[in-house]
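# A closer look at the structure
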Amino acid sequence: MNSQTTKTLSLIVGAILIATLPFWAGDQYQLHLAALIAVYWILIAGLNLVVGFTGQLSIGHVGLLSIGSYTFAILAGKMGVDPTLSVFVSGLLGGLCGLALGLPSLRLPGFYFAMATMAFSMIVNEIVLAQVDLTGGGIGLPGPMFPKPFESPIGFYYLVTAIALFVTWLTWNIARRMWGRAFISIRDNPVAAQAVGVPVFKAKLLAFVFSGITAGVSGAVFASLQSYITPDTFVFELSMFFFVCIIIGGRGSIIGPFFGTVVLTALPELVSPLAKLGNFFYGLLLLVVVLVVPEGIGRMFEIISERLRPRTVHREPITPDLNRLAKALKVRE
Amino acid sequence: MLRLTKLAVRLSLATALVVSATSALAAETIKIGWLSSLTGALSSAAIAENQGVQLAVEEINKSGGILGRQIELLTRDTAGDPTKAVNFAQQLAFSDKVHFVIGPVNSGEGLAAVPILARAGVPNLVIGAIDELIDPVKYPRAFRVINTNRQWISTANDYAIKVLKKSKVAVIADTSGYGTASAKTAIELLEKAGVKPVYSVLVDNNKTDLTDEMNKARAAGADVVMPWTAATGMLGRLLNARGEIGWNVPVVGHPAIMAAQIRQLLNKPEYWQNAYAAGYLSTTYGSDGKLPERTQQLVDKIRPKLGGGEIDVLFWWVAMGYDTVKIIEHAIKTAGSTDAAALQKVLENTRDYRGVYATYTWTATERNGFPDSNMAVNPANTFKDGSFRLAPR
Amino acid sequence: MLTVIVTGLAIGMLYASIALVYNVMFSTSKVLSVTTGHLSMVGGVFGAYIISVLQMHWLWGLLGAVLAGAAFGWLTDVLAIRRVLARSDEHLWLLSTLALATMVQQAVGLWWGTEPKPFPRLITQEFGAGLMDQKFWLPIGMAIVMAIGLEFFYRKTMYGKVFIAMSEDAFAARARGVSTDKIRLLSYVLSGALGGLAGFAAGQLTFAFFALGHTLTLLGFIALAVGGLGSNIGALIGGAALGLLNSFASYYFGGEYQQTIAVGLLMVVLLIKPEGLLGAKNVRPV
């Protein structure tokens, strides 16, 4: 069984598992956790294009999540707009804010850009706290439910899984084709990319705006899942969390960050003493991965599997056909 | 051969019976979920409350449990993060299937977790003060043990206006959830009492110096400053600023003003004078210098667990934690079962249940159980062994 | 009004000191470490610990803060920088320093507690001293002393000149026999010590609080960006500008939009003059 078949098979098995999760999950808590993973993944899939592929280290995406959540809560909750429409608007607004943030900052070198995104998330937090009439300030807002059949936990799970799968398919397509290669080239060597004709700034901006849209959508369903949002939810540590998911999963892959998300979301729940060390643990994990396997844990598995079952390299020795060569030379003369 | 098999079958059947019996018995513990922010913001309150909760659980378990069943306390550290609070609430309600949940402590966590518990139908003892946490219709099984924020604010307002006879109020709160909500309520209640604040401001509780705000309040002609923040750092700076600009205005407000940590944050001990905070009769020394009997009993019981020396935390936190478990005991004993609907009915019909922290009364339409009569005002610098003296009237 | 200016200047000088620390780190490694703000936090916390908890004289506190900062700086180089620079991938040091910064912040939070604790008085002084209060002129004085000290270091001492050589062209320096690894380590230790010193001096202003790190990293960076990367005078100017702007903005508009205004300044400067007021234009060989 070659690797292509194994890959397809595991994808099918995975799809079946995901589709039937509510039935084997055990209890509503685990269903809630699964839905949370899906919600996070919507954002992380988009962010993956920015961080993992284009190499723009945005550590302020929690700001865009916050914008998405509050937009949804205000529109669908306070103003009574249809929740589905609100999700679209949240995504749109997320994209617009991504554009507004990206335009000035994407031209800046790495550290400057990271600081700009961090500052952005702090500004969003300040504005949310200050605009008490709009956002409820420190008290926060209730997260509205979706209409039937998505208001039950199982229905909601299917909704977010469907959105997550759609976003995954989008990012996978982008990553596979022209833009994906453009992103990777920008990450690895911007100068060479530019020399070859890749529109560097446009590509970065595109990735960033896309990640803003997914962050907005993720924020909307996040608000609904949490059933209540306050400014305390959107702290810098959440940005770090998204970031670490991508890095440990492996930059440049789609499935890697997905596993990263699953592991990092589920781990503190399963290992309660770990919850206290929470953020310290994320920092430690990030440091270890950066120092030991910067390509991510996915790469580590690849290295291990290479050791255990080395890929057989087909040798195709080239033996020149001397007669034909001689004839060709003779013709030359 | 057959004999051995028969013996084996009988033995295994017997073992199975015993095992199932014991596991059935063991499965009959009463599970109480405790959502506590033991790390992170407001951890000092949560840690003190935890002491009270654990003492009560130990006491009850030692004397045979409730209805013969032992209490199993499931503590979950939410670290001040509403997302964790939601996750743990879900876990406690659906995975661990607890019979009762105490907490969360923080308002932000409470706002997120209380609806989840309500949806799951789990009875919930609320220990956050912010008004929005209680709603007899939306959250029928949530009963508040702590006083409401309104009670704190109106007690302080009463003292400032009626006792100290001040009329020009400056309201200073922090930008947190609690601060913004409290500032709003404080101004609303003041205006209802016919007093419009001359100055009000929201300050980030990490701001390094409050001299500006105090100067502006003074310039606006304020004759009393009312801070609404639980952040001891900010309160310390406020009192320091008041002292440094030499403005002897009374400060009346949030109980944190009298927290023991403030003593170390002050530049001069005198800065703690002329400061009053909303407190409770249950943790106030009477004119004979003695605490109410029930409070003193608990103080003596728990002193060895707090280190044996002087108590250096606000004792009402400990008392409140203790009371929550005792209320659960009372509810389950009276209902005769752990059925959620029965517990709800019992709590709705609780009148004057005497605890250490307060005497509680809930009705079908009133889920705030703390009586106004237990509110008091204490001078901040009279902290001794966890309690205070009564402020002069 | 004078209070606003003095408060702004005092906190601004803390930012300026952090910008100076950035400069020292950047000169030898071309890395801007996320741990810079945390160095100050560590200095403040350890100083408070030694003086308040261990009840020792403030000179010991000063020494402790400097040593703690230096140790942290050393750790940064050994753990987060050395291996990462060896691989040529450009931005991994951002991740590793971010990781280390988070770890140190959480560790300090677990040990010291999450409440801001008071920083003790260093020199006996009446509290009613108003504007002459030491919590204002300590950070201002410290920043100026640091800037002058660094100028002296760069111009007059051998190590200073080696730093400059490394910042101009690391390969050439190595070709001339400079052990770049050791010099980089030294620069990190030095920057750590300076960071700890800055945090210690400003402790009475900020209180000993474990969560200061990220905010200080960001604001120190804004001071650096405004003043120009690589310029010490620029750092002082940038820090003063940021501090004064913050102070005036919170006085007139209330403290609610503090970060917004600070970042607004950053964005404006970066859009108009990306290399900062006094920075050199970044020419990169292709």
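The structure presented is a predicted model; accordingly, all values stated were derived computationally and were not measured.

## With respect to the overall build of chain B
When its secondary structure is counted, chain B shows 12 helices and 15 strands. Taken over the C-alpha trace, chain B has a radius of gyration of 24 Å; the compact-globule value for 393 residues is 21 Å, and the two agree within 12%. Based on the C-alpha atoms only, the size of chain B along its principal axes is roughly 100 × 40 × 40 Å. When the 393 residues of chain B are sorted by exposure, 55% land in the buried category. Across chain B, every contact between residues at least 6 apart in sequence was considered, and the portion connecting residues at least 24 apart equals 71%.

## Digging into the overall build of chain A
If you tally the helices and strands in chain A, you get 16 helices and 2 strands. Seen through its C-alpha atoms, chain A measures out along the principal axes to roughly 90 × 50 × 40 Å. Residues counted as buried form 53% of the 333 residues belonging to chain A. For chain A, the share of sequence-separated contacts (at least 6 apart) that also reach a separation of at least 24 residues comes to 78%.

## Some points on the interface of chain B and chain A
One frequent convention defines the size of an interface as the accessible area lost when the parts assemble. Chain B puts 26 residues into the contact, and the matching count from chain A is 20 residues. The set of elements that each furnish at least two residues to the side of chain B that touches chain A consists of α3 (82-95), α4 (107-120) and α6 (177-192) of chain B. With 9 residues, α3 of chain B is the single largest residue contributor to the side of chain B that touches chain A. Considering only residue class, the side of chain B that touches chain A consists of 10 nonpolar, 13 polar and 3 charged.

## Overview of the interface of chain C and chain A
With 31 residues of chain C at the contact, the number on the chain A side is 30 residues. Tallying contributions element by element places helix α4 (residues 92-112) of chain C first for the side of chain C that touches chain A, with 10 residues.

## Looking at the pairing of strand β6 (residues 169-174) of chain B
Every other side chain in a regular strand lies on the same face of the sheet, so the side chains alternate between the two faces. Residue and element names in this part refer to chain B. The buried fraction of β6 amounts to 6 of the 6 residues, a majority that puts the element mostly inside the structure. Neither face of β6 is open: one carries V169, V171 and A173, the other A170, I172 and D174, and all of them are buried. Bridge count between β6 and strand β8 (residues 224-228): 5 bridges; the pairing is parallel. Looking at the pairing, I172 lines up with P227 of β8. Relative to strand β7 (residues 199-203), β6 is paired through 5 bridges, and the arrangement is parallel. Bridging across to β7, D174 finds its partner in V203.

## Focus: the domain arrangement of chain B
Residues and elements named next belong to chain B. Examined at the domain level, chain B breaks down into domain 1 (27-148 + 303-373) and domain 2 (150-286 + 377-389). For domain 1 versus domain 2, the separation of C-alpha centres amounts to 28 Å. Residue-level contacts link 21 residues of domain 1 with 16 residues of domain 2. Elements supplying a minimum of two residues to the side of domain 1 that touches domain 2: α4 and α11 (315-335). In terms of residue count, the dominant contributor to the side of domain 1 that touches domain 2 is α11 (3 residues). Of the residues contributing to the side of domain 1 that touches domain 2, the split by class is 13 nonpolar, 4 polar and 4 charged.

## Thoughts on the packing of helix α2 (residues 36-53) of chain C against helix α8 (residues 180-201) of chain C
Residue and element names in this part refer to chain C. Their axes nearest at 7 Å, the elements α2 and α8 cross at an angle of 55 degrees. In terms of orientation, α2 and α8 fall into the oblique class. Between α2 and α8 the crossing geometry is right-handed. Counted together, T36, L39, S40, M41, V42, G43, G44 and G47 of α2 and G192, G195, G196, L197, A198, G199 and F200 of α8 form the full contact between these two elements. Partitioned by chemical class, the residues of the contact of α2 with α8 number 6 nonpolar, 9 polar and no charged.

## Some points on the pairing of strand β14 (residues 375-379) of chain B
Residue and element names in this part refer to chain B. Counted residue by residue, β14 has 4 buried out of 5 residues, so it is predominantly covered. In terms of strand pairing, strand β10 (residues 275-280) meets β14 through 5 bridges, oriented antiparallel. Each residue of the ladder has a partner; that of A277, found in β14, is N378.

## Overview of the packing of α2 of chain C against helix α10 (residues 212-227) of chain C
Residue and element names in this part refer to chain C. One way to put it is that α2 packs onto α10 with a least axis distance of 7 Å and a crossing angle of 130 degrees. Classified by the angle their axes make, α2 and α10 are oblique. For the pair α2 and α10, the sense of crossing is right-handed. Contacts between α2 and α10 involve T36, G37, H38, S40 and M41 from the former and L212, G213, H214, T215, L216, T217 and G220 from the latter. Here the contact of α2 with α10 is composed, by residue class, of 3 nonpolar, 9 polar and no charged.

## Remarks on the environment of Y70 of chain A
By the element assignment, Y70 of chain A lies in helix α4 (residues 61-78). Leaving out residues up to four positions away in the same chain, Y70 of chain A has contacts with V128, T135 and L141 of chain A.

## Remarks on the sheet that holds strand β5 (residues 142-144) of chain B
Residues and elements named next belong to chain B. Pairing is parallel in the open sheet, where 5 strands are placed in the order β2-β1-β3-β4-β5. Two strands lie at the open edges of the sheet, namely β2 (71-77) and β5, each paired on one side alone. With strand direction ignored, the average angle separating the axes of adjacent strands in the sheet is 25 degrees. Judged from the 7 bridges that link them, strand β1 (residues 30-36) and β2 form a sheet pairing that is parallel. Bridge pairing links W34 to T75 in β2. Against the sheet, α4 makes contact with β1, β3 (100-102), β4 (124-126) and β5, and its axis sits at roughly 155 degrees relative to β4, the strand it touches most.

Criteria and cut-off values
Residues numbered from 1 in each chain as written. Chains lettered and ligands numbered in written order. Predicted model: local features only at pLDDT ≥ 70, side-chain atom pairs only at ≥ 80, totals over all residues. Helix = DSSP H or I, 4+ residues; strand = E, 2+ residues; numbered from the N terminus. Rg over C-alpha atoms; globule rule 2.2 N^0.38 Å. Buried ≥ 20, exposed ≤ 12 C-beta atoms within 10 Å, placed from the backbone. Contact = placed C-beta atoms within 7 Å. Nonpolar A, V, L, I, M, F, W, Y, C, P; charged D, E, K, R; others polar. Pairing = 2+ DSSP bridges. Domains from an automatic or database assignment. Axes fitted to C-alpha atoms, helices over the stretch in contact; angles between N-to-C directions. Parallel < 35°, antiparallel > 145°, perpendicular 65-115°, else oblique. Left-handed = near helix turned anticlockwise from the far one by under 90°.

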